[in-house]
Amino acid sequence: MSYILPTYGRFPVTLVHGEGTRVWDDQGKAYLDFCSGIAVCALGHSPQPLVDAIRKQAATLIHCCNLYHIPQQEELARTIVEDHVRIPGKVFFSNSGAESNDGLIKSARKFGHARPQPDGSPKYEVLSFNQSFHGRTLGGINATGQQKVKEGFDPLLPGFRHLPFNDLNALTAAIRPETVAILLEPVQGEGGVNVATPEFLLGVQALCEKHDLLLLLDEVQAGFGRCGDPMAWREIVPGLEPDGISWAKGMGGGFPIGAFWLSDRLIDGEKPLSSLMGPGSHGTTYGGSPLACAASLAVLREIADRKLIDNVRARAAQISEVVVSWQHPLVTEVRGLGLLIGIGLDVEKMTVPEGKLPAIHLSAKLLENGLLAPPAGPATLRLLPPLNVSESEVSEALEIVRTTLDTLISQP
Ligand SMILES: *Cc1c(COP(=O)(O)O)cnc(C)c1O
């Protein structure tokens, strides 16, 4: 008997301890963790610099709320803007990815009031993409381009429309007077690991400039080193200039924190975009607490100091090379960017029990064999190891994937 609302179909394991890339269950069995709490534990489990930062800040000041100045917030915002985004702007701290996206959506609506349609009525429509995932709040599910997250939660909010990903013609044709923003994941995570093409990102930017729309990037899963460059978009198009970005997941290394950034670029030739979210426009009780910011500062510092970007790129190349070399009958392709990797499955050739989704079945079998790795949609296995995963851990994990796939080949 459980008193937890049954919103999750959980794998049959209880994890109680973790160290680096390994976790242990309550029976003492060890696993390699290539799930990382869904791209959250960027430095692996209980990394010393994060543990130390949390301990120290917890003993000093855990929470004080946003009615007062919080130096850790100032420092984290400064490093995010100056060292990582490197485009002038301002940051708001939240507690999760969905909240960060809600912040971006609210900002877009403010912009729609500041830059209305020719008849004076505000612009409000946010265009996003099929297979996208933007979180489970009401704003998040409405922005998300997947029917399954909306089932039973209608009436839907007005002002959202979804288009085919990486299809510039469809997007060009869809823009209308009420459109205010385009929201996209540079690498779709939950929706199957789909990378935006450089042509698409550049085309979206050109459309935003032409039609006075905001270019909003959801880097909740892809950001802060998961894809190589801390800004995932920069790994695809170095010169892109987004208007807003959301983050969460990896930036706290496991401590809940999210953020969104708005550009300081001028609208109407005088007001910075970031000034639209002024006093009273938005808020949060917990967001950006001294403890959360201290944790995130430790994570971002560690990613930079240890040059984990280099490791991400090297391990990504290793994974792609090894998986391709198998020429495995169940593997259609390796997709992704950095350590946000999707292995496409040929589900027709796979033995899957009645009523089970192939990728979930594979994840369950990998778990039995000592590897945690989540699905991404019905026919993709996702690999999300910590950014500091070692070459030998990658080899070990891939060997489990290969031998497990072998057992799932259906006999002709
Ligand atoms: C996980 C995720 C979210 C939602 O984040 P939560 O912290 O679960 O609210 C939003 N967007 C993307 C791209 C995600 O991967």
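Residues numbered from 1 in each chain as written. Predicted model: local features only at pLDDT ≥ 70, side-chain atom pairs only at ≥ 80, totals over all residues. Heavy atoms only, no water.

A.B. asks: Can you help me understand the site of the ligand in this one?
C.D. replies: Around the ligand, the neighbouring residues are Ser96, Gly97, Ala98, Asn101, Phe133, His134, Gly135, Glu185, Asp218, Val220, Gln221 and Lys249. Between Ala98 and the ligand, the recorded distance is 2.8 Å, taken from a backbone N or O atom to an oxygen atom. For the ligand, a nitrogen atom lies 3.1 Å from a polar atom in the backbone of Phe133. Summarising the interface, the protein chains cover 82% of the accessible area of the ligand, which totals 380 Å² for the free molecule. Top contributing element to the shell around the ligand by residue count: helix 4 (residues 97-114), with three residues. (Near = heavy atom within 4 Å. Polar contact = N/O pair within 3.5 Å; in protein donor to acceptor, adjacent residues only side chain to side chain. Areas by Shrake-Rupley, 256 points an atom, 1.4 Å probe, with all protein chains shown as cover. Helix = DSSP H or I, 4+ residues; strand = E, 2+ residues; numbered from the N terminus.)

A.B. asks: So what exactly am I meant to see when it comes to the packing of helix 2 (residues 48-58) against helix 9 (residues 290-305) here?
C.D. replies: Helix-helix packing: each pair is described by the crossing angle between the helix axes and the interaxial distance. Packing of helix 2 against helix 9 brings their axes to within 9 Å, and their N-to-C directions diverge by 155°. Taken together, the axes of helix 2 and helix 9 lie roughly antiparallel to each other. For helix 2 against helix 9, the interelement crossing comes out right-handed. Seen from helix 2, the contacting residues are Pro49, Leu50, Ala53, Ile54, Gln57 and Ala58; seen from helix 9, they are Pro290, Leu291, Ala294, Ala295, Ala298, Val299 and Glu302. Taken together, the residues of the contact of helix 2 with helix 9 sort by class into eleven nonpolar, one polar and one charged. (Axes fitted to C-alpha atoms, helices over the stretch in contact; angles between N-to-C directions. Parallel < 35°, antiparallel > 145°, perpendicular 65-115°, else oblique. Left-handed = near helix turned anticlockwise from the far one by under 90°. Contact = heavy atoms within 4.5 Å. Nonpolar A, V, L, I, M, F, W, Y, C, P; charged D, E, K, R; others polar.)

A.B. asks: It is not clear to me how helix 10 (residues 308-326) should be interpreted in this structure. Could you clarify?
C.D. replies: Since one α-helical turn is 3.6 residues long, residues separated by three or four positions face the same way. Taking 1.5 Å of rise per residue, the 19 residues of helix 10 would be expected to cover 27 Å, and the 27 Å separating its terminal C-alpha atoms lies within 8% of that figure. For helix 10, every residue scored as buried is listed here: Leu308, Asn311, Val312, Arg315, Ala316, Gln318, Ile319, Val323 and Trp326. For helix 10, the buried positions fall inside an angular range of 165° around the axis, keeping them on one side. In this structure, helix 10 carries Glu321, Val324 and Ser325 as exposed residues pointing more than 90 degrees from its buried face. (Expected span 1.5 Å × (residues − 1). Buried < 20%, exposed > 50% of the residue type's maximum accessible area, 1.4 Å probe, protein only. Arc of directions from axis to C-beta.)

A.B. asks: Just checking my understanding: could you explain the sheet that holds strand 18 (residues 380-383) for this structure?
C.D. replies: By way of backbone hydrogen bonds, the strands of a sheet pair with one another, either parallel or antiparallel. The strand order across the open sheet built from three strands is 15-16-18, with neighbouring strands paired in antiparallel fashion. A strand with exactly one partner marks an edge of an open sheet, and here the two such strands are strand 15 (331-337) and strand 18. On average, adjacent strands in this sheet sit at an angle of 20° to one another, irrespective of strand direction. Across six bridges, strand 15 lies against strand 16 (residues 340-345) in antiparallel orientation. Across the sheet, residue Val334 finds its bridge partner in strand 16, namely Ile343. Along the sheet, helix 11 (residues 358-368) contacts strand 16 and strand 18; its crossing angle with strand 18, the most-contacted strand, is approximately 45°. (Pairing = 2+ DSSP bridges.)

A.B. asks: Could you clarify how one ought to interpret the pattern of salt bridges in this entry?
C.D. replies: Should the charged atoms of two oppositely charged side chains come close, the side chains can pair. In the structure shown here, the tally under the stated rule is 20 salt bridges. In this structure, Asp268 engages Lys271 in a salt bridge whose closest nitrogen and oxygen atoms are separated by 3.9 Å. Accessibility expressed as a relative area gives 37% for Asp268, which makes it partly exposed. When the shortest N-O distance is used, the salt bridge between Arg306 and Glu302 registers 2.5 Å. Judged by relative accessible area, Arg306 falls into the exposed class, the value being 57%. Looking at Glu302, the relative accessible area reads 15%, which means it is buried. Each member of the salt-bridge network shares a partner with another, and the members are Arg115, Asp212, Asp268 and Lys271. (Salt bridge = Lys/Arg side-chain N within 4 Å of Asp/Glu carboxyl O.)

A.B. asks: Looking at this structure, how should I read unusual backbone geometry?
C.D. replies: Note on backbone geometry: most residues besides glycine have negative phi, and most peptide bonds are trans. A cis amide bond, omega 5°, links Asp154 with the succeeding residue Pro155. Here Pro155 shows up in the loop between helix 5 (138-143) and strand 6 (160-163). You will see that Gln131, though not glycine, has its phi angle at about 70°, which is positive. With phi around 55°, Phe224 is a residue other than glycine that occupies positive phi space. Positionally, Phe224 belongs in the loop between strand 10 (214-218) and helix 8 (232-236).

A.B. asks: So what exactly am I meant to see when it comes to the layout of surface pockets here?
C.D. replies: The gaps left among the atoms become clear once a water-sized probe is rolled over them. When its volume is computed, the second largest pocket comes out at roughly 750 Å³. Secondary structure elements with two or more residues in the lining of the second largest pocket: helix 3 (71-85), strand 4 (89-94) and strand 12 (258-263). If one sorts the elements of the lining of the second largest pocket by residue count, strand 4 sits on top with four residues. Residues of the lining of the second largest pocket, tallied by class, amount to eleven nonpolar, eleven polar and two charged. (1 Å grid on protein atoms, 1.4 Å probe; cavity = no way out; pocket = protein on both sides within 12 Å on 5 of 7 lines; lining within 4 Å. Points joined across faces, edges and corners; volume = space filled by probe spheres on them.)

A.B. asks: Is there a simple way to think about the pairing of strand 10 in this case?
C.D. replies: Counting buried positions along strand 10 gives five out of five residues, so the element sits mostly inside the fold. Pairing analysis gives four bridges linking strand 7 (residues 179-184) to strand 10, with the strands arranged parallel. Bridge pairing in strand 10 places Leu183 opposite Leu216. In terms of strand pairing, strand 10 meets strand 11 (residues 244-247) through three bridges, oriented parallel. By the bridge assignment, Asp218 is partnered in strand 11 with Ser246.

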